[in-house]
Amino acid sequence: MGAFYPVLSGEIARRGIKKCVLAEAAGMSDRTLRYKMAGKIPFSLPEALVIKNRFFPDYDVESLFAVSDQTRQGA
């Protein structure tokens, strides 16, 4: 099973961003971030914008938070 947000997951890994730092910046717990990254609960627009603006200013929010094709097919 692939990542729910493949671009976001890949960029977090590629840039060496610690998930606990990302969670704190977005105002959520590590556990909440894990649930959101797994697609169990959605990111709010303010959370997505904080993550994009602080860590990934070179991406647009739609591309960064694109859902994997496998996830779309299962929906």
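Our structure is the block above this text.
Residues numbered from 1 in each chain as written. Predicted model: local features only at pLDDT ≥ 70, side-chain atom pairs only at ≥ 80, totals over all residues. Heavy atoms only, no water.

Considerations on the environment of Asp69
Logical step 1: By the element assignment, Asp69 lies in helix α6 (residues 69–74).
Logical step 2: We classify Asp69 as exposed; its relative accessible area is 52%.
Logical step 3: A sequence separation of 64 residues divides Asp69 from Tyr5, and the C-alpha atoms of the two residues are 9.8 Å apart. (Helix = DSSP H or I, 4+ residues; strand = E, 2+ residues; numbered from the N terminus. Buried < 20%, exposed > 50% of the residue type's maximum accessible area, 1.4 Å probe, protein only.)

A look at the pattern of salt bridges
If charged atoms from side chains of opposite charge come close, those side chains can pair.
Logical step 1: Throughout the structure, instances matching the rule amount to four salt bridges.
Logical step 2: Here Arg15 ties to Glu11 by a salt bridge, and the two come within 2.8 Å at their closest N and O atoms. Of this pair, Arg15 and Glu11 are both found in helix α1 (residues 6–15), four residues apart, which corresponds to roughly one turn of the helix.
Logical step 3: Take Arg15: its relative accessible area is 28%, and that puts it in the partly exposed class.
Logical step 4: Exposure remark for Glu11: the relative accessible area of 8% places this residue in the buried category.
Logical step 5: Linked by salt bridges that have partners in common, Glu11, Arg14, Arg15 and Asp58 make up one network. (Salt bridge = Lys/Arg side-chain N within 4 Å of Asp/Glu carboxyl O.)

Some remarks on the packing of helix α2 (residues 19–26) against helix α4 (residues 45–55)
Logical step 1: Two elements in contact, α2 and α4, have axes whose closest approach is 9 Å; the angle formed by their N-to-C orientations is 120°. In terms of axis orientation, α2 runs oblique to α4. The chirality of how α2 crosses α4 is right-handed. Residue-level inspection shows Val21, Leu22, Ala25 and Ala26 of α2 in contact with α4, the latter providing Glu47, Val50, Ile51, Arg54 and Phe55.
Logical step 2: Classifying every residue of the contact of α2 with α4 gives seven nonpolar, no polar and two charged. (Axes fitted to C-alpha atoms, helices over the stretch in contact; angles between N-to-C directions. Parallel < 35°, antiparallel > 145°, perpendicular 65-115°, else oblique. Left-handed = near helix turned anticlockwise from the far one by under 90°. Contact = heavy atoms within 4.5 Å. Nonpolar A, V, L, I, M, F, W, Y, C, P; charged D, E, K, R; others polar.)

Focus on the side chain of Lys36
Logical step 1: Topologically, Lys36 is positioned in helix α3 (residues 30–37).
Logical step 2: For Lys36, a relative accessible area of 7% gives the class buried.
Logical step 3: In contact with Lys36, other than residues within four places in its own chain, are Tyr5, Met28, Ile41, Pro42, Phe43, Ser44 and Glu47.

Details of the nonpolar core
Logical step 1: By size, the foremost hydrophobic cluster in this structure holds 19 residues, and its most contacted members are Leu8, Leu22, Phe43, Ile51, Phe56 and Phe65.
Logical step 2: Breaking this core down by element, the ones donating at least two residues are α1, α2, α3, α4 and α5 (61–64).
Logical step 3: Beyond its immediate chain neighbours, meaning those up to four positions away, Ile51 contacts Leu8, Leu22, Ala26, Phe43, Phe56 and Phe65. (Core = buried A, V, L, I, M, F, W, Y, C linked by side-chain atoms within 4.5 Å.)

A closer look at the packing of aromatic side chains
Aromatic ring pairs: the centre-centre distance and the angle between the two ring planes describe each pair.
Logical step 1: Enumeration over the complete set of coordinates arrives at five aromatic pairs.
Logical step 2: Both rings, one in Phe4 and one in Tyr5, keep their centres 4.8 Å apart while their planes meet at 80°; by these two values the pair is edge-to-face. The residues Phe4 and Tyr5 share a single accessibility class, namely buried.
Logical step 3: Relative to Phe43, the ring of Tyr5 lies with its centre 5.4 Å away and its plane at 70°, an arrangement referred to as edge-to-face. On the criterion of sequence distance, the pair formed by Tyr5 in the segment before α1 and Phe43 in the loop between α3 and α4 is long-range, its members being 38 residues apart.
Logical step 4: Since its relative accessible area comes to 12%, Phe43 is described here as buried.
Logical step 5: Taken together, the aromatic side chains of Phe4, Tyr5, Phe43 and Phe65 make up a single cluster linked through ring pairs. (Phe/Tyr/Trp six-rings, centres within 6.5 Å; stacked < 30°, edge-to-face > 60°.)

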